[in-house]
Amino acid sequence: MNYLKLLSKHFTLIAFLLSLNAFSQGTLQEYKSIYPDYNELIINDNTSYDFFIKDRKLNVTENSYNESMILTDNGINNNSESFTYSELVKLLEYEAETVINNKRIKVTQTNEKESRDDAIFYNGVKERQLIFPNLEAGAKKIYQYKREYVDYHLLHKFIFGNSFPILNSTLEIKTDKEINIGYKIFNDPNNAIEFSKTEKKGKYIYKWTLKNIKPVKYESFSPGFLHIIPHIDIYIKDYTVDNKKVEVLENVDKLFNYYQKFVKDLNKEEDKELKEITESVIANAKTEEEKVKSIFYWVKDNIKYVAFENGYEGFKPREGSLVCNRKFGDCKDMASIITAMAKYAGLKNVYLTWIGTREIPYSYNELATPAVDNHMIAAYKKGNEYIFLDATDKETRYGIPTAFIQGKEALINEDGGYKIIQVPIVSGETNAVTDHVKFKIENEKLVGSGSLVFKGYNRSNLLSQLGDAANKKRFEYIKSIVVKGNNKFKLLEYTEENIKDRDLPYIINYKFDIDSYIIKIDKDIYVNLNVDTNFDQLIIEKDRISKFELDFLTASQGTYELEIPQNYAVKYLPKDLTIDNELLSGSFKYETKDNKVIYVAKINQKKILLDKNDFELWNESIKKIKTNYGETIIITQK
């Protein structure tokens with residue numbers, strides 16, 4: 001289901017086929033004075049679609065044009081551009097040239113390669129790379145290409161944005177009058193995109209233009225560029241041939257009907273081998289839910305996730321029997337084998353489910369096109385509750401969805417129809433991290449032992465990162481997880497618990513010492529028990545553009561016990577602190593008990609996606625926590 005994502009991967013290259021002199025051009029010095037901080041300026045980034053009826057069929061062609069100017073000597077290094085195509089979006093023609101002082105030098109060095117995505121092993125999408133010769137400050141890179149959409153359901157988005165500034169960006173659509181289109185504009189709150197609709201030579205012409213576009217700023221903890229950048233999603237509602245209307249897309253019913261053609265004949269024939277495996281997997285299961293869980297874990301443990309997509313394979317799940325035989329599959333294949341095994345187990349309430357990951361901002365009723373989805377899972381209906389089964393993440397336990405679909409709408413293929421169900425956001429308590437540390441002061445060193453416990457997504461994330469690391473590599477990784485205090489922290493030894501059991505928390509037991517951490521002045525010893533300061537880097541910048549998104553919510557608790565040395569007594573304990581608002585809660589409390597100072601620090605995140613109006617409260621809370629991090633206890637010699 002990542003196929004559509006690949007089509008938009010090079011969104012910054014999309015443009016409109018114009019004559020090279022269609023816009024008045026500025027000089028290098030004029031552009032450098034306006035954009036002194038950038039190595040390159042995009043002058044035109046435009047696209048034109050032509051929708052027309054030919055031979056009683058709907059045809060879609062796309063013409064793209066891009067023109068940019070190198071502004072500095074450093075910009076010369078950006079001497080390549082590229083665009084994608086495939087068997088569903090065919091490349092018809094292209095050309096490219098460097099222009100220097102009105103001299104045009106044709107691009108002759110081009111390379112075709114497989115378009116790569118970190119999440120996909122093979123996708124069938126080709127990438128054409130263009131190498132521009134003789135670049136210098138003031139030179140222009142100009143290229144254009146023409147593509148044909150084999151399946152007009154796959155029309156996608158046009159993006160008004162780039163990492164470089166853009167002078168002019170235009171989307172134009174020409175349609176026969178028998179064709180009815182739809183479109184949705186996103187991230188244009190001030191209606192800055194200019195729109196016009198005209199009629200010429202029997203065609204409707206729709207045009208959207210945005211000028212003087214600021215560069216896209218990368219920001220950490222961003223939900224993704226589609227949540228920020230102005231863009232338009234276009235689709236065809238219907239068209240008429242021989243007085244007969246053909247429905248295409250507009251609502252969820254039509255989208256579901258389109259999806260159905262890819263799954264309606266899936267797993268119809270019984271496979272003896274997969275049925276026998278299923279019977280063995282569920283042999284000890286006593287309840288329906290135990291059967292589902294056993295099947296889910298078997299798929300996680302025995303089917304390797306490998307995204308292998310080509311053409312319509314980006315939409316069509318493979319037979320469960322083939323997935324079982326291959327022992328690998330993509331997200332759709334894992335959903336297929338889970339639902340096939342559920343059927344062999346006599347379960348009629350495990351369904352194929354389409355869903356978009358969190359980087360996609362649309363809901364189904366907002367944009368009912370394939371652009372709303374890029375993933376497929378299974379869903380188990382338990383009474384009135386739905387449990388989402390995504391086997392692509394090996395470590396996530398049964399009962400919680402994968403982190404990257406939290407809060408998203410799922411389109412469930414239930415009993416010949418569909419239901420739209422929102423995936424829950426998993427609470428911080430479910431993903432709790434607890435650390436219980438005991439300290440002693442020995443020879444002016446802080447020595448101790450701890451037990452660090454990870455649940456939910458914190459467990460699965462950590463174990464996914466650890467993978468099969470062993471020996472020194474694993475030791476160093478564990479050290480980076482349990483590190484305390486300062487760079488003199490020394491991990492002495494550690495053990496691990498529940499690595500293989502997803503239903504139990506992952507635990508690291510460890511021993512350590514920290515040199516040069518305590519401060520001794522005369523009879524007083526100063527110790528800061530805030531040895532974990534995970535929140536001190538989370539202040540949100542005042543000029544931040546995008547929302548602030550956490551991967552998942554966490555409730556953390558650290559309990560730190562310092563044994564008071566003989567002949568010493570507590571001289572000073574910091575004041576307790578409590579925070580509680582709609583974004584997070586926290587408490588930081590000290591007490592003396594049984595010749596120990598016990599410090600308990602708790603922080604519970606409540607909101608996974610912060611809007612701009614949340615930033616001030618968030619920063620106020622983090623500043624209070626950072627101030628608390630500086631608090632020190634004092635013990636003094638009697």
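What you see is a predicted model; the values in this text were computed from it and never measured.

The rules behind the values
- Residues numbered from 1 in each chain as written.
- Predicted model: local features only at pLDDT ≥ 70, side-chain atom pairs only at ≥ 80, totals over all residues.
- Heavy atoms only, no water.
- Pairing = 2+ DSSP bridges.
- Helix = DSSP H or I, 4+ residues; strand = E, 2+ residues; numbered from the N terminus.
- Axes fitted to C-alpha atoms, helices over the stretch in contact; angles between N-to-C directions.
- Contact = heavy atoms within 4.5 Å.
- Salt bridge = Lys/Arg side-chain N within 4 Å of Asp/Glu carboxyl O.
- Buried < 20%, exposed > 50% of the residue type's maximum accessible area, 1.4 Å probe, protein only.
- Core = buried A, V, L, I, M, F, W, Y, C linked by side-chain atoms within 4.5 Å.
- Arc of directions from axis to C-beta.
- pLDDT = per-residue confidence, 0-100.
- Patch = residues over 30% accessible without salt bridge, like charges linked within 9 Å, V, L, I, M, F, W, Y side chains within 5 Å.
- Areas by Shrake-Rupley, 256 points an atom, 1.4 Å probe, with all protein chains shown as cover.
- Phe/Tyr/Trp six-rings, centres within 6.5 Å; stacked < 30°, edge-to-face > 60°.
- Lys NZ or Arg CZ within 6 Å of the ring centre and 35° of its normal.
- Parallel < 35°, antiparallel > 145°, perpendicular 65-115°, else oblique.
- Left-handed = near helix turned anticlockwise from the far one by under 90°.
- Nonpolar A, V, L, I, M, F, W, Y, C, P; charged D, E, K, R; others polar.
- Polar contact = N/O pair within 3.5 Å; in protein donor to acceptor, adjacent residues only side chain to side chain.

Visitor: Please explain the sheet that holds strand E34 (residues 596-605) as it appears in this structure.
Guide: By way of backbone hydrogen bonds, the strands of a sheet pair with one another, either parallel or antiparallel. Spatially, eight strands are ordered E25-E26-E24-E23-E30-E34-E33-E32 in an open sheet, and the strand pairing comes out mixed. Of all the strands in the sheet, the pair left with one neighbour each is strand E25 (489-497) and strand E32 (577-580). Each strand of the sheet is rotated relative to its neighbour by a mean of 15°, with strand direction disregarded. Inspection of the sheet shows strand E30 (residues 555-563) paired to E34 by nine bridges, in the antiparallel sense. Its bridge partner lying in E34, Leu562 is registered against Val597. Sitting on the sheet, helix H8 (residues 456-466) touches strand E23 (433-442), strand E24 (445-454), E25 and strand E26 (506-514), and the angle it makes with E26 is about 70°.

Visitor: Just to check I follow, could you spell out the pattern of salt bridges for this structure?
Guide: Proximity of charged atoms lets side chains of opposite charge pair with each other. By the definition in use, this model includes 36 salt bridges. Glu112 is the salt-bridge partner of Arg128, the closest N and O atoms lying 3.9 Å from each other. Taken together, the residues span a long stretch of sequence, with Arg128 in strand E7 (residues 126-131) and Glu112 in strand E6 (residues 109-114) at a distance of 16 residues. Look at Arg128 and you get buried, because its relative accessible area is 14%. Looking at Glu112, the relative accessible area reads 46%, which means it is partly exposed.

Visitor: Honestly, the sheet that holds strand E3 (residues 80-85) in this entry has me stumped. Any pointers?
Guide: The strand order across the open sheet formed by three strands is E3-E7-E6, and the pairing between neighbours is antiparallel. Edge strands, defined here as strands with exactly one partner in the open sheet, are E3 and E6. Going across the sheet, the axis of each strand differs from the next one's by a mean of 20°, ignoring polarity. Summarising the sheet, E3 and E7 pair through six bridges and their orientation is antiparallel. In the strand pairing of E7, Glu81 is matched with Leu130.

Visitor: Sorry, what's going on with unusual backbone geometry here?
Guide: Most peptide bonds adopt trans geometry, and most residues besides glycine take a negative phi value. Backbone geometry places Asp242, a non-glycine residue, at a positive phi of 55°. Mapping Asp242 onto the fold places it in the loop between strand E14 (231-241) and strand E15 (244-247). Residue classification places Asp242 among the exposed positions, given a relative accessible area of 53%. Even without a glycine there, the phi angle at Asn498 is positive, about 65°. Position of Asn498 relative to the elements: it lies in the loop between E25 and E26.

Visitor: Would you mind showing me how to read the nonpolar core here?
Guide: A general feature of soluble globular proteins is that nonpolar side chains tend to end up buried together. If you look at the biggest cluster of nonpolar residues, it comprises 57 residues, and the most contacted ones within it are Tyr49, Phe51, Ile173 and Ile236. Examining the composition of this core, we find that seven residues originate from one element, helix H3 (residues 252-263), more than from any other. Those residues in contact with Tyr49 that sit more than four places away from it in its chain are Val60, Thr61, Glu62, Tyr149, Leu155, Leu171, Glu172, Ile173, Lys174 and Ile234.

Visitor: What should I look at first to understand helix H4 (residues 272-281) in this one?
Guide: The α-helix winds at 3.6 residues per turn, so residues separated by three or four positions along the chain end up facing the same way. Turning to H4, its buried residues number three or more, namely Leu274, Ile277, Thr278 and Val281. In an axial view of H4, the angular spread of the buried residues amounts to 100°, which keeps them on one side of the axis. In H4, those exposed residues whose orientation departs by more than 90 degrees from the buried face are Lys272 and Ser280. Next to the buried residues of H4 lie helix H5 (288-302), helix H6 (320-326) and helix H7 (331-344).

Visitor: What's the story with the confidence of the model for the chain in this structure? I'm lost.
Guide: In regions of low pLDDT, the predicted coordinates are not meant to be interpreted in detail. Per-residue pLDDT for the chain has a mean of 92; in total, 94% of the residues score no lower than 70. Low confidence marks residues 1-24, where pLDDT is under 50. Its contacts with residues over four positions away, or in another chain, come to 107 contacts. Across residues 118-122 the pLDDT falls below 50, and counting only partners more than four positions away or on other chains, this stretch makes 15 contacts in the model.

Visitor: How do you make sense of a nonpolar patch on the surface when you look at a structure like this?
Guide: Nonpolar side chains collect at one region of the surface, where Tyr183, Ile185 and Phe195 lie side by side and expose about 250 Å² of accessible area between them. Relative to the elements of secondary structure, Tyr183 occurs in strand E11 (residues 179-186).

Visitor: Before we go on, may I ask you to explain the packing of aromatic side chains in this structure?
Guide: The geometry of an aromatic ring pair comes down to the distance between the two centres and the angle between the two planes. For the coordinates displayed, the defined rule picks out 33 aromatic pairs. For the ring pair Tyr49 and Phe51, a centre distance of 6.0 Å and an interplane angle of 45° mean the geometry is tilted. Like Phe51, Tyr49 is buried. Here the aromatic cluster, defined as three or more aromatic residues joined through ring pairs, consists of Phe256, Tyr258, Tyr259, Phe262, Phe315, Trp354 and Tyr418. The ring of Phe132 is capped by Lys141, whose NZ or CZ atom sits 5.9 Å from the centre of that ring. Note that Lys197 overlies the ring of Tyr204, its terminal NZ or CZ placed 4.6 Å from the centroid.

Visitor: Would you explain the pairing of E23 in this entry?
Guide: Two faces, one strand: in a regular strand the side chains alternate between the faces of the sheet. Of the two faces of E23, the one lined by Val433, Asp435, Val437, Phe439 and Ile441 is fully buried and the one lined by Thr434, His436, Lys438, Lys440 and Glu442 carries no buried residue. Pairing geometry for E23 and E24, over ten bridges, is antiparallel. Across the sheet, Val437 pairs through a bridge with Gly450, a residue of E24. A loop of two residues connects E23 with E24, the two strands running antiparallel in sequence, and Asn443 in this loop sits at a positive phi of about 55°.

Visitor: What is the right way to read H8 from this model?
Guide: Burial runs high along H8: eight of the eleven residues are buried. Considering only its buried residues, H8 is in contact with E23, E24, helix H9 (471-482), E25 and E26. Phi turns positive, to about 50°, at Gly467, one or two residues after H8.

Visitor: Explain the packing of H8 against H9 to me, please; I cannot follow it from the model alone.
Guide: Two numbers describe a pair of packed helices, the interaxial angle and the distance between the axes. The N-to-C vectors of H8 and H9 enclose an angle of 150°; their axes lie 11 Å apart at closest approach. Between H8 and H9, the angle falls in the class roughly antiparallel. The element H8 and its partner H9 pack so that their crossing is right-handed. Taken together, the residues of H9 that come into contact with H8 (itself represented by Leu462, Gln465 and Leu466) are Arg474, Tyr477, Ile478 and Ile481. Counted by class, the contact of H8 with H9 contains five nonpolar, one polar and one charged residues.

Visitor: I would appreciate a short explanation of the packing of H5 against H7 in the present structure.
Guide: It is the contact of H5 with H7, at a shortest axis distance of 10 Å, that shows an interaxial angle of 145°. Relative to H7, H5 is oriented so that their crossing is right-handed. Every residue of H7 that contacts H5 at Ile295, Phe296, Trp298 and Val299 is listed here: Met334, Ile337, Ile338, Met341 and Ala342. Partitioned by chemical class, the residues of the contact of H5 with H7 number nine nonpolar, no polar and no charged.

Visitor: Mind showing me how you'd approach the environment of Ser33 here?
Guide: Inspection of the secondary structure puts Ser33 in helix H2 (residues 28-34). One polar contact links the side chain of Ser33 to the main-chain carbonyl oxygen of Glu30, over a distance of 2.7 Å.

Visitor: Can you help me understand the side chain of Thr636 in this one?
Guide: As for its position among the elements, Thr636 is in strand E36 (residues 633-637). Of note is the side chain of Thr636, whose polar atom sits 2.7 Å from the side chain of Asp524.

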